[in-house]
Each structure stands twice: as C-alpha cells, then as structure tokens.
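Fold and geometry: a report
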Amino acid sequence: MTQITPTRRQLLTMIGHAAGATAMYQAMTSMGFAATSDYTAPVELGGAKNGTKVVILGAGVAGLTAAYELRNAGYQVKVLEYQDRGGGRCWTINGGDSFTELGGEEVTCDFTSGYLNPGPWRLPIHHYAVFDYCRKLGVELEPFIMKNNKAFLHNSQAYDGKPQRIGDVETDIRGHTSELLAKSVQQGALDEQLSLEDQEKLLEGLKGWGVLDKDYRYVTSDALGGHRGWEVLPGGGLMPEKKPTSPMEFGPLLHSDLWQMLYTFNDYGHAPAMFQPVGGMGKIGDAFTEATRDLIRFNSRVFKIEQGEDQVTVHYEDREGSGETYQETADWCICTIPLSVLAQLEVDVSDAKKKAIAAVPYASAFKVALEFKRRFWEQDEWIAGGISYTDLPIVQIAYPSYGYFSDGPGVVQAAYDTYTAGKNYTYSFNTLSPEQRIEAALEFGSQIHPQYREEFLSGTSCAWHRVPWTLGCYGQWTEELRAAHYETLNEIDGRIVLAGEHCSHIPAWLEGAILSALDAIKRLDARENA
Amino acid sequence: MRHVIAIWAALALPATAAHAQTAQADVPEPDYTINVPSEDVDTEEATAYQSGTSEDAVREVVNRFSRDPDQFTQTDGKALYQTSCQACHMEDGKGAIGAGEYPPLAGNAKMVSKYYIVAVLLTGYHGMPRFGDQMDDAQIAEVSNYVRTSFGNDFPGTITPEDVRDLRKD
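Just so we're clear, the structure is a prediction, and the values are computed from it rather than from any experiment. (Residues numbered from 1 in each chain as written. Chains lettered and ligands numbered in written order. Predicted model: local features only at pLDDT ≥ 70, side-chain atom pairs only at ≥ 80, totals over all residues. Heavy atoms only, no water.)

What about the overall build of chain B?
Heads up, the rule is: Every helix listed is a DSSP run of H or I at least four residues long, and every strand listed is a run of E at least two residues long, numbered separately from the N terminus. With a 1.4 Å probe rolled over the protein chains alone, any residue whose accessible area is under 20% of its type maximum counts as buried; one over 50% counts as exposed, and the rest are partly exposed. Contacts: residue pairs with any heavy atoms within 4.5 Å of one another. Residue exposure ignores everything except the shown protein chains as possible cover, and the areas themselves are Shrake-Rupley values with a 1.4 Å probe.
Along its length, chain B carries 9 helices and 2 strands. For chain B, the sequential pattern of α-helices and β-strands runs α-α-α-α-α-α-β-β-α-α-α. Counting every position in chain B, which comprises 170 residues, the buried fraction comes to 48%. Long-range contacts, defined as pairs at least 24 residues apart, comprise 57% of the intrachain contacts of chain B with a sequence gap of at least 6. Approximately 8500 Å² of chain B is accessible, and the part contributed by carbon and sulfur atoms is 54%.

In structure tokens:
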C-alpha cells in the first residue's frame, strides 16, 4: 500500500517531535480521537456476532474489566493469568501471606492488625470509573486521609532533624508570604500591576488569608492561635489560660525546604477527599476476580502470541503441572501483560508495535510496612491518618486510615516512593533483602518516631523490581516516548490490542488500567460490528 | 540539590574502616547517622528482630543509599552495582527468571564489546530504565568495569570516563 500523504500517526508524530506531547495531544483532540478521557457512563457495546471469542492475557484490573464487560456483551471470554490469583497489582498483603521474590527470597507477613497495599492504595475522587466498578461489584469504601495537619514534614538537615507539623509549616508559609505581599503593596511595588482598588481588596483579603494583624504583620496572637494552634489549648473550668503557638521564623523556614514537601498535597491527583476500600486495595482486585472467576485459567505462563488473517493463537505453559504447553485460539486477543515481560515474548505484531513494546522502561518502586505494639503515632503524637514526608530514603510514612484510636497493634506504611519522583532511593531499596528493607525502614523511621525500635513487632515489604510477574512497577513514560510510541502501542494490530495502565495517560493508577481496557474493548467491538 | 551534598559532606561522620577503602577524597561515601539499640537495651523489651541486628548490619543497610537522591554519590564500581544494578541482576550477577527474565551479567557474551554495557546504562534497554541521568561519566565507567570483571567475568579492555562521554554524544 503506497502512502502519498502522511498517515494521522505520522502527522501526529511530526507534531510531537516539533512541538512536544502537549501539542500532539491537542492535535489528537482536534482530529477526533482523544475527544474525552472522562468516564461518564458504563460502556455500551454492540455485542458479539455468532459466538465471537476473545482471549485476554492477564487477570489484573484491566484484563478483568475487559472480561467482565465483554462477557456481558455476549462474547466468549477466556483469561490466562500467570499467577495463582487475580487482581494483579491491585493487591493487599495480609498477615499469613507470603511470596517468593526474584532472587529467591521469601517475603512474609505476620501482621495481626493491618495490611500493606504494595501497589495502588488510595483513590482520588475524579477516578470515576474505579468508583463506578466499586459500586457495581459491591466494594465498600471509606475515607483515606491524605493530608493531616498534625502529621510531620521532616528534613534531617533542618531544625536539628526535628520534624515539624504540616499545619504549622503551611500556616507559617502562608502568613509570612502574605505579610511580604502586603508590604510590597504598601510600598507601591505593585502599583503597575494593580489598581488602587485592587490593592485595597488584596490587602483586605491577605489579612484573613494569612492571619495578619491590623498592621498586616504575621505575629503571635489569639487570632493566630485559632488558626495555627495552641501551646496551651483552651480548656474547661479552672484549667490554665489558653496560650497561642508562635510562628516559625521566615528565613529558617524557607531554607528548611519543608514547605516544598507540601507539593503533593496540592496535587489534583491527591486532593481531598480520597478513598480506599475497607480492608485494603486488594478488595477491588478480589471483587473483579470473583465476578469473572469462571473465565480465568490461573498459573498459565504465556510465551508466544501468533496471529493470522482472522484468528489469534496464544501459546502458554502450565506452571503447576509438568510444564505442559497449550494453545488458545480466538478471534481477538486483549493483551495486558506488562511491557517489561511482553518485550521478552514472541509476539506476532508489526515492527513498529514491537518497538513500542520494547521502548517503555518499568519504574522502580518500593513499600515497607511495619506493625507496632501500639498506635503510638495516635497516642503520643495525635497523628490519626495522613502522611509524613521526609528527606530520608524512606521518603514517607503513612498512618493507617482505619482502626483509629484502637488499643493494641497497628500497621504503618513506613517507606514508599516510585521513580516518578526521580529519587535513586527506589533503586537502592530494590537491592535490599526483605529483612534489610525492614531494617532500613526502622532505622530511618526512628529519626522521626523514636518509639520505633521499642514498639516494633514485625514488617513486610514489596520491592517491585523483585516481583516475578511484573519485573518493575509500571510503565515509565516520558513525553518523548509518548510522542514516538504511545499511539502505536494502543492501535489494534490485526487481531491483537493491548491494554493496561501502560496503555493510558494515568500510568500506575487503577483508573488508567480501567479506562484503557474500556477503550480497547470499544474499539474491538466497533470492528466486530463494522 | 548541590547544596544538599555540601551539607551532607560537612556533617558526614568519620568513615568506618570498611568503606574508607573505597572513599574518595572529594566525594564522601554515604554515611548516615545511625541509631541502633545499644548493648544495654532492656532485653525484655527488645524483639528478636532487634537483638539479631548488629550495628554493622544496620550500617551496611543505611549506607546502601546515596546521599543525593538525584545523583548516585557512590564512586566505587562495586558500591554502585550494589545500590542499583543488584536490584534486578542480583548480588551474584546471575539475573533472575520469572514471567520474564533479568539477563545474567555473569558470562554474558554481549559484554565482549566494552561499549555494549555503557550504551545500555546510558539509554536503558527494554524494561530497564536508563542510568545515564543518575550516574556521571566516571561512575558509569566504574560500574561497567566492575561488571565486566566480576562474577567470573574477565572481559578485556577498560572503559574510561572519556569513552562514556563520547558515547553520551551519540
């Protein structure tokens, strides 16, 4: 077939190269194939003609979303899954669980009071598709506390390594910058930008916004106590007189870098209110698995995908028995195998598609959870839920958003980061043995909570590059990679289409996996009914 | 992040004998302050886990990490390997096999060309992320030479920082 004009993809790639991914995405929108990415309503499919068969590779959330919807639309569906469980990375490690990592070490979990979500762990409100499936599948949700003003920001090189409360840092930064802005206005520094009327409005607003006094100063006062908190809280009866806290000085606060750690709290993807399934994120994976269990063949390792004019054949090995190999032939194949694995399989697709599959590195990520004898973060420090951030390699400590103020043990997510943040600690955590990861979490964490060693019971972890079925955590796209490969990766190639978080603009999130699956099945169904 | 390194350097504890061997004069090897339970920890309160943890073991773990999250601060090839490559290629360089595999570095004939591993480190390969942004030319050279001469490997030729710099330009 000769091309005399560029294909849409070539055109878009040119735009991508010349003007960046954003411009390309805008162009895609105007060309009609990225019109909306929102989930607005359940998917509507035309349905299967004459028992059309679809083989789905991977029983993660993308694969099982496709299985669930395609079966409802009358397709014959079979799912092949490498593991002996469904849900993929939507997974919770509970007490009694264990698994063998790459490298042969055993990760165990002896928790009695909580769990670790190694992968996704919180849901932002605009992930509409996830919530809709939770409703449909009966997954009970509860609030996830993302921001807790009582939690800490910690820089081991500032304030003698003493953690500061999030609320203090935020109130003080707002107060000091408000005072500074008010001064600038009063000294006429903004006369060119603002009319006199604007300036009056701004000054008036800054007073409340920054909690400034009548002279626009950010200083200790009862009014500030009402915003920033009290050294002596207002009490009852003949209890001592209330006493407000005092602001931290502006200079040291600026240099502490602590206020930059507020960044994540201001991110749209982490804005309150967030939610989590009761009992762990794995409940979503479990619910999808229960809804489609009769379609899934577990312990099946795919090693080859062949296709012809109107059929696709998947070759796989039974991981349980004598390693016998089998074939599954279908009209369509939806492949959700992580690219880190797929790039190593024999897959009969175009060279461009092969290149796209091989182009995306898999992000490094780690988590460690620790169980303690008592919930000292609540009892001693009044931190119930939320996240503390630190410059140390553990990066953050997330307190459980369940079981508040109960007696007995509690589980903290004691270390977590992904390479999206670009810190090399993710690589280093993945080099440690399971025991060493716990040691690292204990050692660094005890700089923030000195109770750690005394109260420690047991720990568990996940180093995603040691997970045998993903070889990494998620597709680590860059703008350049997207411009070069994203559309190719998502195009239907003969009888094969890919899906998963790696085929979305929301990598690593459940919403990305679901939207990708819905988009893939809509396109297949359109072909089916063309 | 440069200023952070300076602070780390200023505050670094004296290096232990173990890593004094590899420490360079200009860049400190990682040396986090550690806070392990001392001998006189109340044994009734100490868990089995704690009592099994020696100070050296804790030091080994915390010093696995770089001082700068944006750029590895280790300079020695082995230390660099142990804080990055080892995650997938394992301590013995033999790689691992799951649904896919991490290729072994031990006896890997692709490394006959001394430039192969440098190119892979600079650009990444398949699921493997690139390390060119986290290691400078000297570090890439050190870790490449380490891999080519460890795990039973004895590939001829030495990679210099200049070799790495030239490959970065390609």
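Describing the pattern of salt bridges
Side chains that differ in charge, positive against negative, can pair when their charged atoms come close. To keep it simple, the criterion reads: Salt-bridge detection follows one rule: a side-chain nitrogen of Lys or Arg within 4 Å of a carboxyl oxygen of Asp or Glu.
Tallied over the full model, the rule gives 32 salt bridges over all chains. A salt bridge links D294(A) to R71(A); its shortest N-O distance comes to 3.0 Å. Here the residue D294(A) occupies a position in the loop between helix 8 (282-292) and strand 14 (296-297), and R71(A) occupies one in helix 2 (residues 61-72), the gap between them amounting to 223 residues. Ionic pairing is found between R165(B) and D166(B), a salt bridge with its closest N-O pair at 3.8 Å. The partly exposed category is assigned to D166(B), whose relative accessible area is 38%. Sharing partners across several salt bridges, the network here consists of K53(A), K78(A) and E328(A).

Describing the confidence of the model for chain B
Residues and elements named next belong to chain B. What counts here: pLDDT measures the predictor's confidence residue by residue and takes values from 0 up to 100.
Of all residues in chain B, 70% attain a pLDDT of 70 or more, and the chain-wide mean is 79. Note on residues 37-51: pLDDT is under 50 here. Beyond four places in sequence and across chains, it has 14 contacts. Two numbers describe this predicted complex: its pTM, 0.88, and its ipTM, 0.89.

Remarks on unusual backbone geometry
Backbone phi values are negative for most residues with the exception of glycine, while trans is the configuration of most peptide bonds. A cis amide bond links P272(A) with the next residue in sequence, A273(A), at an omega value of -5°. With respect to the helices and strands, A273(A) occurs in the loop between helix 7 (250-256) and strand 13 (274-277). Even without glycine at this site, A508(A) takes up a positive phi of about 75°. Relative to the helices and strands, A508(A) is located in the loop between strand 25 (496-498) and helix 16 (510-528). You will see that M90(B), though not glycine, has its phi angle at about 70°, which is positive. Tracing the backbone through its elements, the reader meets M90(B) in the loop between helix 6 (86-89) and strand 1 (96-97). The exposure class assigned to M90(B) is buried, which follows from its relative accessible area of 6%.

A closer look at the packing of aromatic side chains
Residues and elements named next belong to chain A. Formally: Pairing of aromatic rings covers Phe, Tyr and Trp, the last through its six-membered ring, and needs centres within 6.5 Å; plane angles under 30 degrees mean stacked, over 60 mean edge-to-face, and all others mean tilted. Criterion for a charge above a ring: Lys NZ or Arg CZ within 6 Å of the ring centre, and within 35 degrees of the ring normal.
Counted under the stated rule, the structure contains 31 aromatic pairs over all chains. Between W91 and W469 the ring centres are 5.4 Å apart and the planes differ by 65°, which places this aromatic pair in the edge-to-face class. Placement of W91 in the loop between strand 2 (76-80) and strand 3 (93-94) and of W469 in the loop between strand 24 (456-463) and helix 15 (479-490) is noted, with a sequence separation of 378 residues between them. Of the two residues, W91 and W469, neither departs from the other in class, the shared state being buried. Taking the centre distance of 4.8 Å and the plane angle of 40° together, the rings of Y419 and Y427 count as tilted. The same class applies to Y419 as to Y427, namely buried. Sitting over the face of the ring of W209, R174 holds its NZ or CZ atom 5.1 Å from the ring centroid.

Some thoughts on the sheet that holds strand 13 of chain A
Residue and element names in this part refer to chain A. Spelled out, the test is: Whether two strands pair comes down to DSSP finding at least two bridges between them.
With respect to topology, 3 strands assemble into an open sheet ordered 7-13-8, the strand pairing being antiparallel. The open sheet is flanked by strand 7 (123-124) and strand 8 (141-144), the only strands paired with a single partner. With 4 bridges joining them, strand 8 and strand 13 adopt antiparallel strand pairing. Across the sheet, residue E142 finds its bridge partner in strand 13, namely Q276.

A few points about the interface of chain B and chain A
Let me state the cut-off plainly: In short, buried area is how much 1.4 Å probe accessible area vanishes from two parts on joining, totalled over both. Under the rule applied, a polar contact is a pair of N or O atoms within 3.5 Å (in protein, one hydrogen donor and one hydrogen acceptor; residues adjacent in sequence only if both atoms are side-chain atoms).
In this assembly, 50 residues from chain B lie in contact with 50 residues from chain A. With both chains or domains summed, chain B and chain A bury close to 4000 Å², and 58% of this area falls on carbon and sulfur atoms. Linking chain B with chain A are 0 salt bridges, by the criterion used here. Counting across the chain B and chain A interface gives 16 residue pairs in polar contact (both at pLDDT 80 or more). Elements that contribute at least two residues to the side of chain B that touches chain A include exactly helix 1 (2-11), helix 3 (48-51), helix 4 (55-62), helix 5 (77-83), helix 6, strand 1 and strand 2 (101-102) of chain B.

Points about the packing of helix 4 (residues 166-186) of chain A against helix 5 (residues 196-210) of chain A
Residue and element names in this part refer to chain A. This is how it is decided: Fitting a line to C-alpha atoms yields each axis, with helices limited to the stretch in contact; the angle taken between N-to-C directions then spans 0 to 180 degrees. Roughly parallel means an angle under 35 degrees; roughly antiparallel means over 145; roughly perpendicular covers 65 to 115; every other angle is labelled oblique. What makes a crossing left-handed is the near helix being turned counterclockwise from the far one by less than a right angle; a clockwise turn instead makes it right-handed. The classification used treats Ala, Val, Leu, Ile, Met, Phe, Trp, Tyr, Cys and Pro as nonpolar, Asp, Glu, Lys and Arg as charged, and all other residues, Gly among them, as polar.
Close contact between helix 4 and helix 5 brings their axes to 9 Å; oriented N to C, the two are set at 160°. Taken as axis vectors, helix 4 and helix 5 run roughly antiparallel relative to one another. Crossing handedness for the pair helix 4 and helix 5: left-handed. In this structure, helix 4 uses R174, G175, S178, L181, A182, V185 and Q186 to contact helix 5, whose residues at the interface are Q199, L202, L203, L206, W209 and G210. Among the residues making up the contact of helix 4 with helix 5, the classes are represented as 7 nonpolar, 5 polar and 1 charged.

Notes on the state of the cysteines
Residue and element names in this part refer to chain A. Stated formally: Here, a disulfide means two cysteine sulfur atoms that sit within 2.5 Å of each other.
Taken as a whole and assessed by the stated rule, the structure comprises 0 disulfides over all chains. Cysteine C134 is unpaired, with the sulfur of C90 as its nearest cysteine sulfur at 8.3 Å. Cysteine C503 remains unbridged, with the sulfur of C335 as its closest cysteine sulfur at 8.6 Å.

Re the sheet that holds strand 14 of chain A
Here 5 strands make up an open sheet; going across it, the order is 14-2-1-18-25 (chain A) and the pairing parallel. Of all the strands in the sheet, just strand 14 and strand 25 of chain A have a single pairing partner and so form its edges.

Concerning helix 4 of chain B
Quick note on the threshold: Note that the arc is defined by the directions from the helix axis to the C-beta atoms.
All buried positions along helix 4 of chain B are accounted for by V58(B), R59(B), V61(B) and V62(B). All buried residues of helix 4 of chain B fall inside an arc of 160° around its axis, so they share one side. At its buried positions, helix 4 of chain B is contacted by helix 13 (434-445) and helix 14 (452-455) of chain A.

Some points on the nonpolar core
Note the following rule: As used here, the term nonpolar core means buried Ala, Val, Leu, Ile, Met, Phe, Trp, Tyr and Cys residues forming a set that is joined through side-chain atoms within 4.5 Å.
Core analysis: the largest hydrophobic core is formed by 80 residues, its most contacted members being L57(A), V302(A), I305(A), L342(A) and L498(A). Take this core: its biggest share by element is 5 residues, from helix 8 (residues 137-148) of chain B. Setting aside its immediate chain neighbours within four residues, I305(A) contacts L57(A), V312(A), T313(A), V314(A), C335(A), L342(A), E346(A), V347(A), D348(A) and I496(A). The next biggest cluster of nonpolar side chains, apart from the first, holds 52 residues, and it includes F144(A), I173(A), L262(A) and F444(A).

Here we look at a negative patch on the surface
The following threshold applies: The patches described consist of residues with a relative accessible area above 30% and no salt bridge, like charges being joined within 9 Å and nonpolar side chains (Val, Leu, Ile, Met, Phe, Trp, Tyr) within 5 Å. Charged residues are defined here as Lys and Arg on the positive side and Asp and Glu on the negative side; His and the ends of the chain fall outside this count. One atom stands in for each charge, and that atom is NZ of Lys, CZ of Arg, CG of Asp or CD of Glu.
Taken together, E105(A), E435(A), E91(B) and D92(B) make up a surface patch of like negative charges. In this fold, E91(B) is placed in the loop between helix 6 and strand 1. According to the relative accessible area criterion, E91(B) is exposed, its value standing at 60%.

Here's the deal with the packing of helix 3 (residues 128-137) of chain A against helix 16 of chain A
Residue and element names in this part refer to chain A. Running from amino to carboxyl end, helix 3 crosses helix 16 at an angle of 85°, the nearest separation of the two axes being 8 Å. The orientation of helix 3 with respect to helix 16, classified from their angle, is roughly perpendicular. Residues Y128, A129, V130 and Y133 of helix 3 touch helix 16, and the partners they reach there are L510, E511, I514, L515 and L518.

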